[in-house]
Amino acid sequence: GSGGFRKRKHDNFPHGQRREEKENVNPSSALMTSFKSFQLELDTRHDKYERLVKLSRDITIESKRTIFLLHRFTSAPNGEEILNESEVKLDAVRRKIKQVAQELIGEDMYQFHRAVSPGLQEYVEAVSFQYFIKTRSLISVEEINKQLIFTAENREETTNTTSNPHDKQPHTWSLKVTPVDYLLGVADLTGELMRLCISSVGNGDIDTPFELSQFLRQIYDGFTFIGNTGPYEVSKKLYTLKQSLAKVENACYTLKVRGSEIPKHMLADVFSTKTELIDQEEGL
Amino acid sequence: QGVLTADQDIREEIRKVVQALEQTAREILTLLQGVHQGPGFQDIPKKCQKAREHFGTVRTQLESLKTKFPADQYYRFHEHWRFVLQRLVFLAAFVVFLESETLVTREAVAEILGIEADRERGFHLDIEDYLSGVLTLASELARLAVNSVTAGDYSRPLRISTFINELDSGFRLLNLKNDSLRKRYDGLKYDVKKIEEVVYDLSIRGLNKEATGG
């Protein structure tokens, strides 16, 4: 049948002829020349993207470490030290962000947004956490962006990044965290604040949970106002935020109801096993 | 909050224009599909001319699209028109191929569509969208090669074959990442193979000699 015929045809396929045809392609034809330039253009773009991804990962790691550091903060004497150390760390992160800004000069930021977005969100989380510890309030996106305006530190930097070697003007670079990245970073912050709440109770601090509860509720209200008008990622974080808020509110409830009965050092235990306790009581 | 709603509004506006563009693209495609059939072959120059007229509409629509968002945020909204733009690249490349059997350059496509070739100058054609459109052309030409034979034109497949081989060599120069462009490119080898088979079928039957000998 014709099916069998086709199979045989493929076996006899003149591979030699095909190779010959390919060698006949003129490597300096107009088409090949344009493709060579496409190769260059694509490679340059990919390289830049990779550099930005690496920077973003560094930013994420250092920001996360700052957050861990800040969790160790208490009103004890070394609190001041911790805050100072966190500032040093965040300055290091900002230096990386400056590199990002330099890479993005003359580029459309949105083309590379996906490369740097995770890092920036983590930075927002870290810097807003530090701000909350210092001021008990939420840092604004404007405030964040003010800290992300950079000037050239030395002549070498200026000549490396400008195409005009005679341009002696000091250069400024800035990076603007987008509202969406800011929102996502703040949403992640609430998770850290929830952890702060639980741990502060374990430390015997019974004021912080209530402050946090109020603060988180305000953030939650803000997010509810935005509702579903934001991109999908924001709505997803809203769900986690709700859970964090619930945990904090439950903590406050437990403190209020049982705070006076239970010795401070056992309070932390109360929160990890509180669901057990509630179940037991209902069993009675 | 204001930022987010404003963003949504812009996207709505963009979507509307893109829909209009897609409609025009469909019209051009239907027009050009006609070349695959027997009588269609004779009409090719006329079809190309008509297609170019349609591109006039496209130019107007793209002009309108440009006004819907801030010029420096092209990539923020890029996803919305990426598909239709790739489609338009393919259609432009198809027209140019039917007219001159050459590969339309990026600059030429930009001119047909009434947009810039470089990002610096505004609403432009992204290189990856250009390349995607060209790859779609390859598939269309594979189909055209087959239908040419059916319609009795034995020389066109040979010319298509030369063209596709050169195109394939060009693409092999590129270092692509594992994204949608790469996947589309992987399809190119099947197009190449199909056209080779057509040429093979013609050559073993001596039909290609008929075509070139006249």
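Quick notes on the rules
- Residues numbered from 1 in each chain as written.
- Chains lettered and ligands numbered in written order.
- Predicted model: local features only at pLDDT ≥ 70, side-chain atom pairs only at ≥ 80, totals over all residues.
- Heavy atoms only, no water.
- Domains from an automatic or database assignment.
- Contact = heavy atoms within 4.5 Å.
- Salt bridge = Lys/Arg side-chain N within 4 Å of Asp/Glu carboxyl O.
- Polar contact = N/O pair within 3.5 Å; in protein donor to acceptor, adjacent residues only side chain to side chain.
- Helix = DSSP H or I, 4+ residues; strand = E, 2+ residues; numbered from the N terminus.
- Nonpolar A, V, L, I, M, F, W, Y, C, P; charged D, E, K, R; others polar.
- Buried area = accessible area lost by both parts, 1.4 Å probe.
- UniProt positions renumbered as here; feature names shortened; annotations may be inferred.
- Buried < 20%, exposed > 50% of the residue type's maximum accessible area, 1.4 Å probe, protein only.

Chemist: Would you explain the domain arrangement of chain A in this entry?
Modeler: Bring the parts together and some accessible area is lost; that lost area is often taken as the interface size. All names here are of chain A. Once the domains are mapped, chain A shows domain 1 (40–152 + 171–177) and domain 2 (178–283). Between domain 1 and domain 2, the residue contacts involve 23 residues of the former and 19 residues of the latter. Seen at the junction of domain 1 and domain 2, the total is one salt bridge. The closest approach of N and O atoms between glutamate 211 and arginine 136, which form a salt bridge, is 2.6 Å. At the boundary of domain 1 with domain 2, the tally comes to seven residue pairs in polar contact (both at pLDDT 80 or more). Listing elements by their share of the side of domain 1 that touches domain 2, those giving two or more residues are helix H3 (30–71), helix H5 (113–135) and helix H6 (141–146). Class assignment of the residues belonging to the side of domain 1 that touches domain 2 gives a composition of twelve nonpolar, eight polar and three charged.

Chemist: How should the interface of chain A and chain B be read in this particular structure?
Modeler: With 36 residues of chain A at the interface, the matching set in chain B holds 37 residues. Taken over both partners, the interface formed by chain A and chain B buries close to 3600 Å², and the fraction arising from carbon and sulfur atoms is 61%. Taken together, the connections running from chain A to chain B amount to four salt bridges. A salt bridge links arginine 45 of chain A to glutamate 128 of chain B; the nearest nitrogen and oxygen atoms lie 3.7 Å apart. Counting across the chain A and chain B interface gives eight residue pairs in polar contact (both at pLDDT 80 or more). At the level of secondary structure, the elements contributing two or more residues to the side of chain A that touches chain B comprise helix H1 (2–11), helix H2 (15–23), H3, helix H8 (179–202) and helix H9 (208–226) of chain A.

Chemist: I'm lost on the UniProt feature "binding site: Mg(2+)" (unreviewed entry) in chain B in this one. Help?
Modeler: All names here are of chain B. The UniProt feature table records "binding site: Mg(2+)" (unreviewed entry) at Glu140. Relative to the helices and strands, glutamate 140 resides in helix H6 (residues 127–150). Residue glutamate 140 is classed as buried on the basis of its relative accessible area of 9%. Engagement of the side chain of glutamate 140 in a polar contact is seen with the side chain of glutamine 33, the distance being 2.8 Å.

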